[in-house]
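Okay, here's what each chain looks like letter by letter:
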Amino acid sequence: METKQEYWEGLAAGSFFLVATAAMMLVTLAILDLSGSDIAAQLNGWAGLAAAVLGAIGGLLLMVEAGNKTKAYLIVANPASMASKNAIMMTSVIALAFIYATFFFAFVPWAGLAGLRMMVAVLGIMAGLIAVMVPALELGEARGRAFWNSAALIPVFLITAAVTGMAAVILAAALMSVDGNAAIRIIDKVLLGFIILQLLSVWGYVRGMENSGAEEARRAAGNILHGDFKGCFWTGVIILGTVVPLALYLLAGTSVILIIKAVLLLMGGACFRNVFLQAAVRKVVPGEENEWYSREDIAQLAAALEKRWQEKAEVVCNERR
Amino acid sequence: MRWGMLVDLRKCVGCHACTVACQNINGLGFDEKWTKVLRVGPIGQFPNLSGYFMPVPCMHCEDAPCVEGCPTGASYKREDGIVLVDEDKCLGCKFCMVVCPYGVRTFNEKKGIVEKCIMCYERLEKGEPTRCTETCQLKARYCGDLDDPNSEISIMIGRYNAKPLHAELGTKPAVYYIIP
């Protein structure tokens, strides 16, 4: 039986993480702009471009994961499927983040069109929120993987993406030396609430699955809490990705502290995606508990068998000579 | 018309002939098994032990998660219920492997696409049984029309109260098992 979900691994987890972060960066920047904050003019151009680049890297990771990369364009060919919807939303976020960012560069002809920019910002908020939720629905299509089959996965994905998105905006502001702005300080306070929510929702989700009626969900939760993924979960998601950033709120909010906090939150977000994607094992088919070979096991067996055949063939050839 | 399969687990001795015959006819590698045979048990306590073997091909589900989930439409269901993968459309994203509750799809590294049991549809169209059914020396496998109440497979399913695998998932598999 499966000890982990082994078809989508690190690349897919990285893609989900980067796209979710990019989407919520766009949402945060758009809200800053719509609220009339003066920092938008300084921050939103480059941070918007960064969101587009992050999203594009996320898309590329998914393309690398595919076996037949030349046909990657076909991924939007079946809009009825959640995977296609996810790809469409991913593309929309990347395009909107890029278009939105261009409004902040004076050399662009439409830079002064504030009304149009606001419209793009509203579209960006909508696309960003949907893009963050669709992966939860996509994973929920796996009926044999009960760990993903809860509706609670949507808010969990939303909250963790909000944390990484806001952390990325704060990181961008700190790197551009505009983190002293009142709006960034407000985002930092809102982020505190979301980190607490993240701790409660992620912990609550895993604990809920540990007590689930589905055996495979309990096995997945067990893998996370005290199995193969315990290091990534406890150290990456809980301690470094949530508790330490929370503790940093006790210190003065200097730029260095903000940067450390943001980096830790981003790292925690990446660990969360990795753990939640790979821990969701499949329902056991009778007998799999006795005869389960991972892809690596099968490849090793095949290589050993091939080697043995080659050795035998060589012996036979030598004898004939 | 809906093609289906019935496996009598009381007869299967786990010889893997179906797996090998399938690999031969479809030109599969050693690590590609479109129908695998699993060993269930031993169940119980010594000396009262029992066990059986469980051949697991693609279930050709009526409500197939792989067909619903495929982003390119490469996985599709024919009118006769057989689920196939269109090689020209498959981009090898492996999402169908993630959503399949039975773990019966394999990834062909050379072609970069996902492959699976095709229920020997070309043989069925010619009136021949699937290769695994034909090769089974103990006649543990049956294939036929599930929609025809008078077909051998439908009668056997009714007579022996055969059940599909993980029916609770609502995928409505076309492969039934007579459980020992």
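All of these numbers come straight from a predicted model, not from anything done at the bench. (Residues numbered from 1 in each chain as written. Chains lettered and ligands numbered in written order. Predicted model: local features only at pLDDT ≥ 70, side-chain atom pairs only at ≥ 80, totals over all residues.)

Remarks on the overall build of chain B
No. 1: When helices and strands are counted, chain B shows 6 helices and 10 strands.
No. 2: The globule rule puts the C-alpha radius of gyration for 180 residues at 16 Å, and the 16 Å found for chain B is close to it.
No. 3: When the 180 residues of chain B are sorted by exposure, 47% land in the buried category. (Helix = DSSP H or I, 4+ residues; strand = E, 2+ residues; numbered from the N terminus. Rg over C-alpha atoms; globule rule 2.2 N^0.38 Å. Buried ≥ 20, exposed ≤ 12 C-beta atoms within 10 Å, placed from the backbone.)

Topic: the overall build of chain A
No. 1: A count of helical and extended segments in chain A gives 10 helices and 0 strands.
No. 2: For chain A, the C-alpha atoms occupy an extent of roughly 85 × 45 × 40 Å along the three principal directions.
No. 3: With 321 residues in all, chain A has 49% of them scored as buried.
No. 4: In chain A, of all internal contacts separated by at least 6 residues, the share reaching a separation of at least 24 is 79%. (Contact = placed C-beta atoms within 7 Å.)

Regarding the domain arrangement of chain A
No. 1: Split by domain assignment, chain A resolves into domain 1 (10-290) and domain 2 (294-321).
No. 2: When each unit is reduced to the centre of its C-alpha atoms, the spacing between domain 1 of chain A and domain 2 of chain A is 46 Å. (Domains from an automatic or database assignment.)

Details of the environment of Ile184(A)
No. 1: Along the polypeptide, Ile184(A) turns up in helix α6 (residues 182-210).
No. 2: Those residues in contact with Ile184(A) that sit more than four places away from it in its chain are Ile39(A), Ile170(A), Ala173(A), Val178(A) and Asp179(A).

Let's talk about the interface of chain B and chain A
No. 1: Of the residues lining the interface, 34 residues belong to chain B; the matching set on chain A comes to 34 residues.
No. 2: For the side of chain B that touches chain A, the element with the most residues is helix α3 (residues 95-99) of chain B, which contributes 4 residues.
No. 3: For the side of chain B that touches chain A, a count of residues per class yields 21 nonpolar, 8 polar and 5 charged. (Nonpolar A, V, L, I, M, F, W, Y, C, P; charged D, E, K, R; others polar.)

A word on the packing of helix α2 (residues 39-65) of chain A against helix α3 (residues 82-102) of chain A
Residues and elements named next belong to chain A.
No. 1: Where α2 contacts α3, the two axes come as close as 8 Å, and the packing angle between them is 155°. Relative to α3, α2 is oriented roughly antiparallel. The handedness of the crossing between α2 and α3 comes out as left-handed. In this structure, α2 contributes Asn44, Gly45, Gly48, Leu49, Ala51, Ala52, Gly55, Ala56, Gly58 and Gly59 to the contact, and α3 contributes Met90, Val93, Ile94, Ala97, Phe98, Tyr100 and Ala101.
No. 2: Residue classes in the contact of α2 with α3 are distributed as 11 nonpolar, 6 polar and no charged. (Axes fitted to C-alpha atoms, helices over the stretch in contact; angles between N-to-C directions. Parallel < 35°, antiparallel > 145°, perpendicular 65-115°, else oblique. Left-handed = near helix turned anticlockwise from the far one by under 90°.)

What about the pairing of strand β10 (residues 175-178) of chain B?
Residue and element names in this part refer to chain B.
No. 1: Side chains Val175 and Tyr177 of β10 all project onto a buried face; the interleaved residues Tyr176 and Ile178 project onto the opposite face, where all are buried too.
No. 2: Sheet topology places strand β1 (residues 3-8) next to β10; 4 bridges connect them, and they run parallel. In the sheet register, valine 7 faces β10, and the bridge partner there is tyrosine 177.
No. 3: Both strand β9 (residues 163-164) and β10 contribute to a ladder of 2 bridges, which runs antiparallel. When the sheet's bridge partners are listed, lysine 163 is paired in β10 with tyrosine 177. (Pairing = 2+ DSSP bridges.)

A word on the environment of Gly241(A)
Residues and elements named next belong to chain A.
No. 1: Take glycine 241: it is sitting in helix α8 (residues 230-248).
No. 2: Overall, the presence of 29 C-beta atoms within 10 Å leaves glycine 241 in the buried class.
No. 3: Along the primary structure glycine 241 and phenylalanine 194 are separated by 47 residues, whereas in three dimensions their C-alpha atoms are 12 Å apart.
No. 4: Not counting chain neighbours up to four residues away, the residues in contact with glycine 241 comprise Gly236, Leu264, Leu265, Met267, Gly268, Gly269, Cys271 and Phe272.

Section: the environment of Met118(A)
No. 1: Of note, Met118(A) is situated in helix α4 (residues 114-140).
No. 2: The sequence separation of Met118(A) and Val163(A) amounts to 45 residues, and the corresponding C-alpha distance is 24 Å.

Quick notes on the pairing of β1(B)
Looking down a regular strand, the side chains alternate between one sheet face and the other.
Residue and element names in this part refer to chain B.
No. 1: The buried count for β1 comes to 6 of 6 residues, which makes it a mostly enclosed element.
No. 2: Residues Trp3, Met5 and Val7 line one face of β1 and the alternating positions Gly4, Leu6 and Asp8 line the opposite face, and both faces are buried.
No. 3: Across 5 bridges, β1 lies against strand β8 (residues 141-145) in antiparallel orientation. Its bridge partner lying in β8, tryptophan 3 is registered against aspartate 145.

What to know about the confidence of the model for chain B
No. 1: Averaged over all residues, the pLDDT of chain B is 94; the fraction at 70 or higher stands at 100%.
No. 2: Scored by ipTM, the complex comes to 0.90, with pTM at 0.90. (pLDDT = per-residue confidence, 0-100.)

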